[in-house]
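Listed below are the residues making up each chain.
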Amino acid sequence: MVVTVATVAALLVGARDASAHGDVDVDRPTVESSGRVRVEAGPAEHSEGEGEEHEDRFQVGLDMVLGWGNVPFAVQNLPTTGNQALTYTRQDQTPSDVQSFIVKGSAEVAEHVEVGFRLPFTFASFSPEGSASRSATSLGNLELEGEYSVPLGRDLKLLAALGVALPTAQGQEVPEGLANLPASLANESAYDRWSLSRAAAFARGYEDNALFEPQRLGLVPKLGLNYSAHGLSIEPYVKVENLIGTSTLLDTSYVGELVGALRVGYQVHRRIEVALRGWVNVGFAGTADDKVTAAALEPQVLFRFGPVRPYAGVIIPLAGPPHDNGFFGVRLGLSASF
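Residues numbered from 1 in each chain as written. Predicted model: local features only at pLDDT ≥ 70, side-chain atom pairs only at ≥ 80, totals over all residues. Heavy atoms only, no water.

**Student:** Requested: an account of the overall build of the protein, with residues and values cited.
**Tutor:** The secondary structure content of the protein amounts to 3 helices and 16 strands. Counting across all 338 residues of the protein, residues that qualify as buried make up 49%. When the accessible surface of the protein is summed, it comes to about 14,500 Å², and 62% of that surface belongs to carbon and sulfur atoms. (Helix = DSSP H or I, 4+ residues; strand = E, 2+ residues; numbered from the N terminus. Buried < 20%, exposed > 50% of the residue type's maximum accessible area, 1.4 Å probe, protein only. Areas by Shrake-Rupley, 256 points an atom, 1.4 Å probe, with all protein chains shown as cover.)

Here it is in structure tokens:
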């Protein structure tokens, strides 16, 4: 993946050097994978002899994904004749309706240096067959990130970042063999919050699992490029999600995932950009269920109204657990920079 990023960088540098004059005089609002919006000035806004882009120092935003699909769930079994005790059984294909929100912010603390945070919170309802529906609410893992950018030319930047996802997500995995467990031994609230986190990760296409892994600390190094010229933006990145267990109840103490993504956007109007994102998540460490490959596409549209940038997208899983569980997601977001 790193070789791929380097190759893309070389091609983009060549394209920049070979391009003719006549840039489109617009501000180019681009949304990075982290959700931060960069406002890149058009050529007419550059001072003569300068090749730097204009960027606001502070950015805040809210990213929401509405998702529908099936998740593992602890189903409450109703009492039967002669047995009045409530029990729980795991059901792997329970329909869910999930709404995940990520509050985010970032600030430029020095030249080429940014710090930021992301905090998820999620709501979900579950409708198991033959049992009563239940709802749950939970926080995800708070992520703190530092990013350093290296200009490689007027229109191209290399981005290096390190994120730390603190284990603030709530929940406990529903045991694989859970069957007719007495209610006195079941932790319904913890099970529901784990199912909720799975639903949020599925709805987001397995791109940001470190934010939705209960009882795990995430260390996420990331390398990316940001190219923007002539109304065209190209943004590849690669990151490794190192998910370290903080509880002895987990099946494995370490889960590793390699995520590679590419976003291509084009400014069709001064205030409108259309884009297509795609990513692949390759699990390389953990249990057999963790060592899977997921892929997804997301067409997007972005708008610019002064410092405010609303955007929308449709997340279409192509492979892996989100696809296998029938998930589909709709993204709505709003960012502001100042």
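**Student:** Give a detailed account of the packing of aromatic side chains, specifying residues and quantitative values.
**Tutor:** In this structure the tally under the stated criterion is 8 aromatic pairs. Ring centres of Phe101 and Phe121 lie 5.2 Å apart, and the angle between their planes is 10 degrees; this geometry places the pair in the stacked category. Of this pair, Phe101 sits in strand S4 (residues 87–110) while Phe121 sits in strand S5 (residues 113–126), and the two are 20 residues apart along the sequence. On the accessibility criterion, Phe101 (16% relative accessible area) is buried. The class of Phe121 is partly exposed, set by a relative accessible area of 25%. (Phe/Tyr/Trp six-rings, centres within 6.5 Å; stacked < 30°, edge-to-face > 60°.)

**Student:** Lay out unusual backbone geometry with the relevant residues and their values.
**Tutor:** In this model, Gln215 sits at a positive phi of 60 degrees, which is unusual for a non-glycine residue. Checked against the element boundaries, Gln215 lands in the loop between helix H2 (188–203) and strand S10 (216–229).

**Student:** I'd like a description of the nonpolar core, backed by residues and values.
**Tutor:** Generally speaking, soluble globular proteins have nonpolar side chains that are buried together. Core analysis: the biggest nonpolar cluster contains 26 residues, and Val71, Val98, Phe126, Phe212 and Phe327 have the highest contact counts within it. Mapped onto this core, the elements with two or more residues apiece are strand S3 (58–77), S4, S5, H2, strand S12 (254–269) and strand S14 (293–303). In terms of residues, this core owes the most to one element, H2, which gives 6 residues. In contact with Phe212, not counting residues within four places along its chain, are Ile102, Pro120, Thr122, Asn141, Ser197, Ala200, Ala201 and Arg204. If you look at the next biggest cluster of nonpolar residues, it comprises 8 residues, including Ala74, Tyr88, Leu178 and Ala186. (Core = buried A, V, L, I, M, F, W, Y, C linked by side-chain atoms within 4.5 Å. Contact = heavy atoms within 4.5 Å.)

**Student:** Could you give me a rundown of the environment of Tyr88, with the residues and numbers involved?
**Tutor:** If you trace the backbone, Tyr88 turns up in strand S4. Classification of Tyr88 as buried rests on a relative accessible area of 4%. A polar side-chain atom of Tyr88 sits 3.0 Å from a polar atom in the side chain of Gln76. (Polar contact = N/O pair within 3.5 Å; in protein donor to acceptor, adjacent residues only side chain to side chain.)

**Student:** Could you give an account of the confidence of the model for the protein, with specific residues and numbers?
**Tutor:** For the protein, the average pLDDT comes to 88, and 83% of its residues sit at 70 or higher. In the model, residues 18–26 has pLDDT below 50 throughout and makes 18 contacts with residues more than four positions away in sequence or in other chains. Contacts for the low-pLDDT stretch residues 41–53, under 50 throughout, to residues beyond four places or in other chains number 26 contacts. (pLDDT = per-residue confidence, 0-100.)

**Student:** Describe H2, listing the residues and the values that go with them.
**Tutor:** Think of an α-helix as turning once every 3.6 residues; residues three or four places apart then point the same way. End to end, H2 covers 22 Å across 16 residues, agreeing with the expected 22 Å (1.5 Å per residue, within 8%). Within H2, 13 of the 16 residues are buried, which leaves it mostly tucked inside the rest of the structure. Just past H2, the residue Gly205 takes up positive phi, approximately 75 degrees. (Expected span 1.5 Å × (residues − 1).)

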